[in-house]
Every structure is written in C-alpha cells, then in structure tokens.
Protein chains: 2
Amino acid sequence: MHLVAIGGSDAGISTALRACELDPSVDVTVVVADAYPNFSICGIPYYFSREVQPWQSLAHRTHADLEATGMNLHLDTLATGIDVNGRTLTVRDAAGTESTIAYDQLMVGTGASPSTAGIAGLDQLGPDDGVHLLHSMGDTFALERYLDEHQPETAIIVGAGYVGLEMAEALTVRGLHVTQLQRGPEVLSTLDPELGSLVRDELTRHGVDVFTGTRIEAVTRNAGRLTVTGTRDGDTFSHSADLVLVVVGVRPNTSLLTAAGATTGAGGAVVVDEHMRTGLPNVWAAGDGVVTHHRLLGVTYLPLGTTSHKQGRVAGENAIGGNARFAGSLGTQVVKVFDVVAARTGLRDHEAAAADYAPHSHTAIADDHKRYYPGATPISIRVTGDTRDGRLLGAQLVGTRGAEISKRVDTYATALHHGMTVDGMSNLDLSYTPPLGSPWDAVQMATQAWERDARTLASLV
Amino acid sequence: MHLVAIGGSDAGISTALRACELDPSVDVTVVVADAYPNFSICGIPYYFSREVQPWQSLAHRTHADLEATGMNLHLDTLATGIDVNGRTLTVRDAAGTESTIAYDQLMVGTGASPSTAGIAGLDQLGPDDGVHLLHSMGDTFALERYLDEHQPETAIIVGAGYVGLEMAEALTVRGLHVTQLQRGPEVLSTLDPELGSLVRDELTRHGVDVFTGTRIEAVTRNAGRLTVTGTRDGDTFSHSADLVLVVVGVRPNTSLLTAAGATTGAGGAVVVDEHMRTGLPNVWAAGDGVVTHHRLLGVTYLPLGTTSHKQGRVAGENAIGGNARFAGSLGTQVVKVFDVVAARTGLRDHEAAAADYAPHSHTAIADDHKRYYPGATPISIRVTGDTRDGRLLGAQLVGTRGAEISKRVDTYATALHHGMTVDGMSNLDLSYTPPLGSPWDAVQMATQAWERDARTLASLV
C-alpha cells in the first residue's frame, strides 16, 4: 500500500501523520512544492515582529521529525498531473525533470493562493518593487529581504482580516508606520462592527492609521514610491508608502484536481464529502482547496488551518481503509492584535438569517474574573441565538490578552457542536475561582443577558 | 405569593434573584443569619493576602443592589423552625426575639459548616486562642483581628484542599511562615497525586513547609504557643506555631429541614430531587446543605459555590411555578496557588471504577501555545476515559497561571456534559492562534495521547 499526499502544509502532513500512526506498515510519500514542509504559516507575522527567530523555529516539526514517523518527503517537487485510471502522479522537480509516482491512494492538499482582489498593477509589481503578498515561506523570505535591504519607513496593508491585523502589529513593532486599508465598514469583518471597532481602537492606540470603506483598485510605483488608489465612501482615495502588503484572502488551488475530473462547488473549491472523497476513485482531498462542511451552514468554503488539520486527519485514516468523518466546522477563529484578543464561533445575524435561522444577537459586557480581585477586565460578548427554538447560533468575544478569550470561545464552540440552547448554557458546570472567573462564568452571564433581552423582545410583540 | 428564602449565600440569593427576575410581582424575602448577604466566601483568602480591600469589596452585590431587585432582606435573623402545614417559619432576631413569617413557598439554603474532623481541643480553643476555622465573614473578622493584634509569625494550616492552599498562599504573602498538613499522600487530594505534586512543588518553592500523610488528632495551647499532634506515616507527629487554621471540609447544615420532616442521604445532606423539591409541600432546598445530582455519578454530595448558584436558580424558578431542572454537577473546580493553576472536571480512575465505569487515565504534557512563540508553558493534562466505549470521563489540568487552565477545563466540562467520547474531542472546532494555542489545542493533544495509549494497551491484551 502506497499512500501519496500532495502538499506539505496542514492537510498533507496531517494525512501522512495519521496514516503512519494508525498503520506503520503503509508506505507514505508526501510531495511538497517547496522546501518547507509542515511550516506554521499562521506564525509568519511573529517572525516579522521578531518574536520568533530564526525562521526555522516556525516548523511544527523538523524534516527529521517528519521522517522519523515513517513518511518520505519529496521536496521542491510540483505535482503536475493525476492519471486516475493509471493511479500515477506526474511530478516535476526543481531541475525541471518530470517523473511519475505510482500510488494506491492519493490525497490532494494543494491549498489556496493569495487573492489579489482584482487590484491592477499586482501582475506587474512584485517583491523587488516593494509589493508583497504573504502566504508561503518564499513570500516570507522575499518580504524579509525587502525590509532588510530597503529599510522602508512606511507600509500600506491592504486588508484587515486576521493576517492583515497581525502584520499591522508586526510591522509597527518593527518600527514602520502602518496604514491599514479595509474595504468593509470596520476592521476584522468576521466580527460585527460594534466588536470590530474595539480591535480598531487597539490599532489606533498603537499608531496604526486605519481607513475603512476603502476599495483599492490599483497599485503603482513611481520613483521608488508606491501608491495605492481607489475609492473611499464614494470619493477617490490615494495613499503612498515605501511598502505595500496585500492580504485580502485566498482562492482555492483546484486545477490539479479539476484536470483529473473533480468538480468544484462553494467558493470555487473542490467538492468533497465528509469522508474527504473527491468522487474520483482512490483520490482524496483536504484543506484550503476543498469545500468546508459546516455544522450550521451545510457546505460552504471557509479555509482555516484547524479545519485542514482535521480534514487531513480524516483523509489519512480513510485512505488506509478507515471510516472517519469530518464532523464539520463552526468557523471558530481567534486573533491577537497587540493586547486585544478577538474571537468568534458559529454564525452572526446576517449569516444565520441567510441560512433560514431566526437570529437575534445581544452584546453583554462581563468581567473576566471577579471584579474585587485585581486585574479584572471587561469582555464584550455578542451572543447570537435563534428566537424560534432558543438554539445557540454563535458568539463573538473581544477582550484583553489575559482574559482567556481564546478558551472561552472554545466553550461556545463545544456547546455549538452539540446544538445547545442559549438557555442550556447556564447548565454547564464551568470552573470558578475569583482570580480567574465568576460563579456564572462570563460566557454564561452573556447567554443569560441574551435570554433577558429575548424575553423583553417577546413581551413587546 | 410570598417566597421566603433562608440563607444569604449563593443558594438563597440565587433563588431570590431568579424569582424577582422572572416575576417582579412576587414578594420575596430572604432570611439571613448574619449581616453579610451575598458575600463571596470564595474570595476570603484574597482579603487575607490584601489583594482585596476593604472587606466590603467581597460582596457580589451590595445591600442596596439586592433590594433594588425587589427582594426584602432580614439580616441577623436565624431561622429556627418550619411549620410545614401552617406554612410559617419561626425566626429569632439579634435581640433574641422570636417571630413568625408566613410563606407560600419556602426555599432553605442553610449551607454547611466547617468540619473539625474530630480533632480534640477544637471545642475548647477558639479565635481568641489563635485557633481558627474559616467559613463565614464572622470567621474572617476573627482571624483578621487575631493577625492584627497578635502579629503571629508562624501558622499551621490543617488541610490542603482549595481553601487550605489559598490560605497558605495568603498567609505567606502576608509574611507568615506556613506549615501545611495534609492527611492524604499529596496536597489537593481532588487531583491524582502525580498532578497534586506539581501544586506541592509550587508551595515549597514559595517557602511553605508541606507535610503529607499527617493525621492531626489534637490541638493544645501552652503559654501562648499552639501545638498540633497526631501521627505521620505511623510515627507520632507534633508541630507548633503561633496560629492554627483548620480547613478540612464541611458538613451540611440539615437540622432545620430534618426537624420539619425532610430526609437525609449522600454525605448526610438533605435529599432533594433535580427540581430542588424536598418532598415537604411547598418547601424547596438548594446549596451546600443538600445532595448533589452528578451527571456521571448519580446522587452524591459535592458542595460547590457554582452548584449552589445553579440549584438556587432552579429553586427560584420552580418555587414561583416554573419547571426547571438542575442538570447536574461534574465537580468542575479550579484553584490558583501562587503562580500555578490546577483544575479538574468529571471523574478520576478510582471514582469512575467505583461507579462501574472501566476507566483508564493517561497524562500528557502539551504546551499552552505554539512553542516558537515566546512564553509557551507546558500543561500537564490527565485524561480519564472508559476503555469499553471510549467515553470521556474526566480531566485534570495543572499549569502556570497564564496558561488558560481554567477555561480549558471548561472545554472538557462542556464535552462531559454531552457525553462525548475521548476520540470525539478531536472533532471540536476550537480556536487557534500561535500566541494562544495550537492547531490541535492542548486539550485535544491530551485526548489524542490517551487514544494512542489506550490503543497500545488494547494491542497488548
């Protein structure tokens, strides 16, 4: 039995690790397009902030660690074609030499590539011009080299999602003056604006200039100076800096699979079922290149590293004869921006309404621990529930770094996993000690506040 | 409708708050034995460490806050008898005057009193002698007065449970040299010894002398010096200090209810059903005086503040005509000892075996966040699962204060609430960002390690 996994990031490596763990007798080969298998892409901003040095530290596991599990790694090797009937994969090495690899089972984890959001100029300008995307270790080295050689003093970051915010912090820490441009009405558009504004306040407090409602249409370069142009609230907008970083999301890499006959669905990603089957015999797929089964939304596209790990683990188990099922995403996410942490899980109002729930959201502010004990800080918690059946639909949290936001959102995520009601949250036996919580934890104070609010609304009908 | 709640602590106040919230037209009276309703007894150690000052800060709500909800408070009023048929309560005020209060519904939350564990001398020696128990604000004032007037330099704490450990920290911070005596083989006997030892190391690191395996039989006083005597590992044991604090658990206060005809069960506590009914017409009970419905053990006695809040809330809703049900405890607990946090939820091996589960436990060590990001610290996580059906039975965690232990145990508690399997934990969509977690959170790394361990064990059979 020869299992071949394509992709050296979360999905590919998770597939290989799981297969090696469950059946050490299986031959496992991982085909990696670059020389950096199992690197923590989510950690790249902390390399730029110099909190993580050297770059090799970003590896979840070293090359030796990986090979010790029993897998074989083919680095700098690009998968170029799948012969489904012949069960062979065509690959091209760094020297340009093509060869084939026979497989019994194939897992494709080709991931996603950075979107350019149709911004003109990005096809002409690249890292040597000071215009950067950021998705791979190659991108990382290019940006580091530019920072090192050109010592830019100002940067424009187009996009204020997770990576954009983390890079705003990193470049600010690094000494650059950062201007952050966001198309939507507020930064971190995965949160409702009233919570996103708390993140914006933190950016501003640290000297980042934030422009929301700003649609960038082009990047140009004149005499070493970069200028982005577009519109802002109907007016023309233009801003110049020494460096431009475009981080506006990703699009799935699907060509390898579609050329082999796979179909695409939500978000243009490859369709897989919950077993990570592509429909092509002996071909599995996982990660940022495939659709996402969501526990509340059905099939959607929501690429996240945690999901890739889970999907890869399922694919690895099934490829060697198992029967695992991806239980579904809840879109749980967290980001640290300077000293603020923002998290979400499940759905917000408009997402829930679009999926035919009857959502209502309410924001409560609850202390992270008993106020009498030093250091208590308020957490803003926005709970979304269904007014018809009381089902919990989602939660968003923003608070300070020490307020255990990231594990509090996990309590909501675990509750959502089980379809709990908002009311049912008060039944959870959560831990309490005055320095770290309250007899009703903040997560329960927020659901109780939602209930009171929903009861008031119902009484007004 | 007149609802009378006896008890000014968690159960009584929660009952009154819930009734006032759900139906503002109900008359609610709370009979409080002392002058300190709704004080956070769990916060007392932080008053002694002087992190919380003044003592009034320990009130969850002020007298005015409570009355603003619509409830009436009768302070310094002791409930002395219940006439179930006549629906009247006899009370005695501070002046010794008896009177009766008519009720439609009665909730009894008389709580528990400190155990003295049969230690001789505790009936003779009291606060003025430097021998202290610690359960009420009255006990708190007595100990503070002793510390202030006598400036003791050394203290013996008998007991190393939650309060004992917190007081060891508080008195150490306060400048006393503390000797902590524990009957069992390790401190914090609610954890397995291999995890409890991590807490002991933290005590020792801060100068606390810890003697385990020490059974104290008597306290004596000679020329202003206090001596505890007993046995240690079969030998006689004796130790002297300026102050002795005995914190060895509690016993339920049941006489008011049993005199009225209620029955007692587990732990000698009053039997109630999951609706907090005592079996006596129109009489409800909740809190540390009643048995505890446990989701994994059935009916037991496990007094905790969080449980009292929940039971009181259920009683308050039902006393005014609702149909709420206490969903059951999991024994979730957390304690901070200096810079270490220890938590548990669910069952340990011996508890699970006694309840006819087939438990196996495995300890993993997982970083609180990605090791490459500064400040990562290891968390010791001991997972207990059932080898027959893979069901998660419990988890114990010990780590540093910033490692989000208290909210990580909540993820396990929420999973236990829903009867998840150990394997199923890997399906949870938990949050991840490198400064705060890992793609598989520490809680999942620990359950995956349990699975590997159980698989190895099974293959050896």
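Residues numbered from 1 in each chain as written. Chains lettered and ligands numbered in written order. Predicted model: local features only at pLDDT ≥ 70, side-chain atom pairs only at ≥ 80, totals over all residues. Heavy atoms only, no water.

Turning our eyes to something else, we now look at the overall build of chain A. For chain A, the count of helices and strands is 11 helices and 25 strands. Taking 461 residues into account, the globule formula puts the C-alpha radius of gyration at 23 Å, and chain A, at 23 Å, falls close to it. Counting all 461 residues of chain A, 59% fall into the buried class. Put simply, of all contacts in chain A between residues at least 6 apart along the chain, 62% involve residues at least 24 apart. Entry remark: accessible area of chain A is about 16,600 Å², with carbon and sulfur atoms responsible for 47%. Separation between the mean location of the 33 positive side-chain charges and that of the 52 negative ones in chain A comes to 4 Å. (Helix = DSSP H or I, 4+ residues; strand = E, 2+ residues; numbered from the N terminus. Rg over C-alpha atoms; globule rule 2.2 N^0.38 Å. Buried < 20%, exposed > 50% of the residue type's maximum accessible area, 1.4 Å probe, protein only. Contact = heavy atoms within 4.5 Å. Areas by Shrake-Rupley, 256 points an atom, 1.4 Å probe, with all protein chains shown as cover. Lys, Arg positive; Asp, Glu negative; His and termini not counted. Charge placed at Lys NZ, Arg CZ, Asp CG, Glu CD.)

So, on to the packing of aromatic side chains. Residue and element names in this part refer to chain B. Taken as a whole and judged by the stated rule, the model has 16 aromatic pairs over all chains. When the centroid spacing of 5.7 Å and the interplanar angle of 80° are considered together, the rings of Tyr36 and Phe39 count as edge-to-face. Accessibility expressed as a relative area gives 8% for Phe39, which makes it buried. A ring pair is formed by Trp55 and Phe141, whose centres lie 4.9 Å apart and whose planes are at 75°; its orientation type is edge-to-face. Taken as a pair, Trp55 in the loop between α2 (44-48) and α3 (63-68) and Phe141 in helix α4 (residues 137-150) lie far apart in primary sequence, 86 residues in all. (Phe/Tyr/Trp six-rings, centres within 6.5 Å; stacked < 30°, edge-to-face > 60°.)

For the rest of this paragraph, the subject is helix α6 (residues 193-205) of chain A. Residue and element names in this part refer to chain A. Its 13 residues place the ends of α6 18 Å apart at the C-alpha level, agreeing with the 18 Å of an ideal helix rising 1.5 Å per residue. For α6, every residue scored as buried is listed here: Leu195, Gly196, Val199, Glu202 and Leu203. Projection of α6 onto a plane perpendicular to its axis shows the buried side chains occupying an angular sector of 105°, all on one side. Following α6 by one or two positions, Gly207 adopts a phi angle in the positive range, close to 90°. (Expected span 1.5 Å × (residues − 1). Arc of directions from axis to C-beta.)

Residue and element names in this part refer to chain A. Taken domain by domain, chain A comprises domain 1 (2-38 + 57-112 + 250-319), domain 2 (127-246) and domain 3 (339-460). Computed over C-alpha atoms, the centres of domain 2 and domain 3 are 32 Å apart. Listed per partner, the contact involves 13 residues of domain 2 and 12 residues of domain 3. With both sides pooled, the region where domain 2 packs onto domain 3 buries about 1,100 Å², and carbon together with sulfur makes up 54% of that total. Area buried by domain 2 at its contact with domain 3 is led by Leu191, Asp192 and Leu195, which between them contribute 44% of it. Scanning the region where domain 2 abuts domain 3 turns up 3 salt bridges. We note a salt bridge from Glu194 to Arg382, for which the minimum N-O separation is 3.0 Å. Linking domain 2 with domain 3 are 10 residue pairs in polar contact (both at pLDDT 80 or more), by the criterion used here. Considering each element in turn, the side of domain 2 that touches domain 3 owes the most residues, 6 residues, to α6. (Domains from an automatic or database assignment. Buried area = accessible area lost by both parts, 1.4 Å probe. Salt bridge = Lys/Arg side-chain N within 4 Å of Asp/Glu carboxyl O. Polar contact = N/O pair within 3.5 Å; in protein donor to acceptor, adjacent residues only side chain to side chain.)

All names here are of chain A. Strand order in this open sheet of 3 strands is β13-β14-β15, and the pairing throughout is antiparallel. The open sheet is flanked by β13 (214-222) and β15 (235-241), the only strands paired with a single partner. Taken pair by pair, the neighbouring strands of this sheet meet at an average axis angle of 20°, ignoring direction. Relative to strand β14 (residues 225-232), β13 is paired through 8 bridges, and the arrangement is antiparallel. Bridging across to β14, Thr214 finds its partner in Arg232. (Pairing = 2+ DSSP bridges. Axes fitted to C-alpha atoms, helices over the stretch in contact; angles between N-to-C directions.)

Moving on, we get to the UniProt feature "domain: Pyridine nucleotide-disulphide oxidoreductase dimerisation" (unreviewed entry) in chain A. Here, UniProt's "domain: Pyridine nucleotide-disulphide oxidoreductase dimerisation" (unreviewed entry) annotation points to residues 334-437 of chain A. The annotated region residues 334-437 of chain A carries 18% helix and 37% strand content, and the separation between its end C-alpha atoms amounts to 20 Å. (UniProt positions renumbered as here; feature names shortened; annotations may be inferred.)

Let's shift gears to the relation of the copies chain A and chain B. With an axial shift of 0.0 Å and an RMSD of 0.0 Å, the rotation relating chain A to chain B amounts to 180°. Here the two chains are linked by the operation of a two-fold rotation axis. Here 100% of the interface residues in chain A have copies in chain B that are interface residues too; the copies meet face to matching face. (Least-squares fit on C-alpha atoms with pLDDT ≥ 70 in both.)

A few words now on the packing of helix α1 (residues 10-22) of chain B against helix α8 (residues 305-319) of chain B. Residues and elements named next belong to chain B. Packing of α1 against α8 leaves a shortest axis separation of 7 Å and a crossing angle of 40°. The angle between α1 and α8 falls in the class oblique. In this structure, α1 meets α8 at a crossing whose hand is right-handed. Note on element contacts: α8 touches α1 through Gly305, Ser308, His309, Gly312, Arg313, Ala315, Gly316 and Glu317, opposite Asp10, Ala11, Ser14, Thr15, Arg18, Ala19 and Leu22. A per-class count over the contact of α1 with α8 returns 4 nonpolar, 7 polar and 4 charged. (Parallel < 35°, antiparallel > 145°, perpendicular 65-115°, else oblique. Left-handed = near helix turned anticlockwise from the far one by under 90°. Nonpolar A, V, L, I, M, F, W, Y, C, P; charged D, E, K, R; others polar.)

Time to look at the side chain of Gln311(B). Positionally, Gln311(B) belongs in helix α8. By relative accessible area, which is 1% here, Gln311(B) ends up buried.

In this section: the environment of His135(A). All names here are of chain A. The topology assignment puts His135 in the loop between β9 (131-132) and α4 (137-150). The spatial distance from the C-alpha of His135 to the C-alpha of Ala68 is 27 Å, given a sequence separation of 67 residues. Aside from chain neighbours lying at most four places away, what touches His135 is Ile41, Ala112, Ser113, Pro114 and Val250. Within the structure, the side chain of His135 is placed 3.0 Å from the backbone oxygen of Ala112, a separation counted as a polar contact.

Let us look at the side chain of His2(B). Residue and element names in this part refer to chain B. With respect to the helices and strands, the residue His2 is situated in strand β1 (residues 2-6). A relative accessible area of 18% means that His2 is categorised as buried. For His2, the side chain forms a polar contact with the main-chain oxygen of Ala102, separated by 2.8 Å. Look past the residues within four positions of His2 in its chain and what remains in contact with it is Asp27, Thr29, Ile101, Ala102, Tyr103, Asp104 and Gln105.

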